[in-house]
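Geometric and topological summary
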Amino acid sequence: MASKKRPVPEINAGSMADIAFLLLIFFLVTTTMDVDKGLLVKLPPWTEESSEEQDIKEKNIFVVLVNAQDQLLIEEEYATLEDVRRLAKEFIDNNGDGSCEDCRGLRDPNSSDNPRKAVISIQNDRGTSYKIFVAVRNELLGAYSELRNDVAQRKFGRNYDELSEGDIELVNEVYPQFISEAEPVKIGG
Amino acid sequence: MPPLSTASLPDIVFMLLFFFMVTTTMREVTLLVKLKKPQATEIQKLERKDLTTYIYIGSPKSAALGNEPRIQLADQLVSVGDVQQWVILQREEVNEAERPKFTVSIKSDIDAKMGLISDIKQELRKAQALKLSYSANPASSAEEMFKAYRLSIFGRQAVFLGSLHWLRFF
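This report concerns the structure included in the present document.

1. Topic: the sheet that holds strand 7 (residues 131-135) of chain B
Strand pairing within a sheet occurs via backbone hydrogen bonds; the two strands may be parallel or antiparallel. A sheet is described by the order of its strands in space; here seven strands give the open sequence 2(B)-1(A)-7(B)-6(B)-3(B)-4(B)-5(B), paired in mixed fashion. Each having just a single partner strand, strand 2 (44-45) and strand 5 (76-78) of chain B make up the two edges of the open sheet. In this sheet, strand 2 of chain B lies alongside strand 1 (residues 37-42) of chain A in antiparallel orientation, the contact comprising two bridges. Bridged to Gly38 of chain A within strand 2 of chain B is Gln44 of chain B. Contacts from helix 3 (residues 114-126) of chain B reach strand 3 (52-58), strand 4 (70-73), strand 6 (103-108) and strand 7 of chain B, with the element oriented near 155° to strand 3 of chain B.

This is the structure:
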């Protein structure tokens, strides 16, 4: 081994910044600010009996059936996902007995009396896929939020989500949300 | 004019680097199931992570466990019967004043069946955990959501056939 005394060269730190930048960019890209978003729903409290039958008039219930093939039946007629929102809006806004002053509905005597009595019921099969369920649930929530937005615009000239707490309550009184997710039954298929 | 010294540039960058390294929260659970969330438009943000607990549903990643969708709580696959106990324990950890705001977020794969999810909903009702969120990715419009939905049914086939529409010119 030749042991010549060589001067130790100084390490050039000029590229340090580049390396650090590379790492920085890597972390910037991989950082996921993991915010969870979802459709918020409230479940009914648990009761021992499967479900107590409430006295709701047939015409005040809007039944959305989803079978195991992910086909929709709304008020006993075939429907597609695109129809859900429109049909739900017509049903909620129908105002059959005329007690809702802010409604613009068709006032069909065979549809719901007023938005406070209107109940939407989703019934699905055990074989229904999650994706159509979420899509339908989303459309029903969408129907309510569109109606609420309309009222907010007419009454306060602003969007629903820009209203103050008190005003939101006023709008919610016009269109309270009643969506029930029934326990699955065997619908067939 | 003397040249601007860039000698402290690495220090500044390193400082930024450390900031990001420290604040980056790696996903606290490793997913054992395949998870493709649905798209939706009417979604709300879950503000408080400490008041939220997650239930993952999807078919297991490891092929040995089959294809049937399973439930994942924390770091293990469990059966429906374990959900109630677990949710109760999770809620105990939240301080008492904020317990009414306790929310369960279901992160489910789009191909899971509602049978399993309904069973979980029943368990949640038994555990008195009534605030529920169906976790979804934001879609910009309802049309986009429908498109994503159709894509998830018909898959690539539909996309491929759709891309052949120029053939009608021949």
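2. A short note on the interface of chain A and chain B
Between chain A and chain B, the contact holds 47 residues from the first and 58 residues from the second. Between chain A and chain B, a total of about 5000 Å² is buried, with carbon and sulfur atoms accounting for 64% of that surface. Applying the counting rule to chain A against chain B returns five salt bridges. Its salt-bridge partner being Glu82 of chain A, residue Arg150 of chain B comes within 2.4 Å of it at the nearest N-O pair. Considering every element that reaches the side of chain A that touches chain B, the biggest residue donor is helix 3 (residues 130-156) of chain A, with 11 residues. Across the side of chain A that touches chain B, the residue classes break down as 24 nonpolar, 10 polar and 13 charged. Both strand 1 of chain A and strand 7 of chain B contribute to a ladder of five bridges, which runs antiparallel. Its bridge partner being in strand 7 of chain B, Lys42 of chain A is matched across the sheet by Lys131 of chain B.

3. Comments concerning the packing of aromatic side chains
For the structure shown, the criterion picks out five aromatic pairs over all chains. A network of ring pairs unites the aromatic residues Tyr130 and Phe133 of chain A together with Tyr134 of chain B as a single cluster.

4. As for the sheet that holds strand 5 (residues 119-124) of chain A
All names here are of chain A. Strand order in the open sheet formed by five strands is 4-3-2-5-6, with mixed pairing between adjacent strands. The sheet is open, and its two edges are formed by strand 4 (77-79) and strand 6 (179-181), each paired on a single side. Neighbour-to-neighbour, the strand axes of this sheet turn through a mean angle of 25°, independent of strand direction. Judged from the three bridges that link them, strand 2 (residues 61-66) and strand 3 (residues 72-74) form a sheet pairing that is antiparallel. By the bridge assignment for strand 3, Val64 is matched with Ile74.

5. Overview of the pairing of strand 5 of chain A
Residue and element names in this part refer to chain A. The buried fraction of strand 5 amounts to five of the six residues, a majority that puts the element mostly inside the structure. When strand 2 meets strand 5, the two strands line up parallel, connected through six bridges. From the neighbouring strand, Leu65 faces strand 5, where its bridge partner is Gln123. As paired elements, strand 5 and strand 6 share three bridges and run parallel to each other. Across the sheet, Ser121 pairs through a bridge with Ser180, a residue of strand 6.

6. So, helix 4 (residues 165-174) of chain A
Residues and elements named next belong to chain A. Burial in helix 4 covers these residues: Asp167, Val171 and Val174. Each buried residue of helix 4 sits inside an arc of 50° when the element is viewed along its axis, so together they form one side. Those residues of helix 4 that are exposed and aimed more than 90 degrees away from the buried face are Glu165, Glu169 and Glu173. Tucked inside the fold, the buried residues of helix 4 contact helix 3.

Rules behind the numbers
Residue indices begin from 1 for each chain and proceed along its sequence in written order. Each chain is given a letter, starting from A, and each ligand a number, starting from 1, according to the order in which they appear as written. Local features are withheld for residues below a pLDDT of 70 in this predicted model, meaning they are given only at 70 or higher, and side-chain atom pairs are given and counted only at 80 or more; totals for whole chains, interfaces and linings count all residues. Neither water nor hydrogens contribute to the side-chain values; these are computed over all heavy atoms in the structure. Note: two strands are recorded as paired if DSSP finds a minimum of 2 bridges between them. Going along the chain from the N terminus, every DSSP run of H or I of four or more residues is numbered as a helix, and every run of E of two or more is numbered as a strand. Working rule for contacts: check all heavy atoms of both residues, and any pair within 4.5 Å makes them a contact. A fitted line through C-alpha atoms serves as each axis, taken over the contacting stretch for helices, and the angle formed by two N-to-C directions is quoted from 0 to 180°. By definition, the buried area sums, over both parts, the 1.4 Å-probe accessible area that each loses when the two are put together. Here, a salt bridge means any side-chain nitrogen of Lys or Arg that lies within 4 Å of a carboxyl oxygen of Asp or Glu. Each residue is assigned to one class: nonpolar for Ala, Val, Leu, Ile, Met, Phe, Trp, Tyr, Cys and Pro, charged for Asp, Glu, Lys and Arg, and polar for all the others, Gly among them. What counts as a ring pair is set by centres within 6.5 Å for rings of Phe, Tyr and Trp (its six-membered ring), and what kind of pair is set by the plane angle: stacked under 30 degrees, edge-to-face over 60, tilted for all other angles. In this scheme, a residue with accessible area under 20% of its type's maximum is buried, one over 50% is exposed, and one in between is partly exposed, where area comes from a 1.4 Å probe on protein chains only. Here the arc refers to the directions that run from the helix axis out to each C-beta atom.

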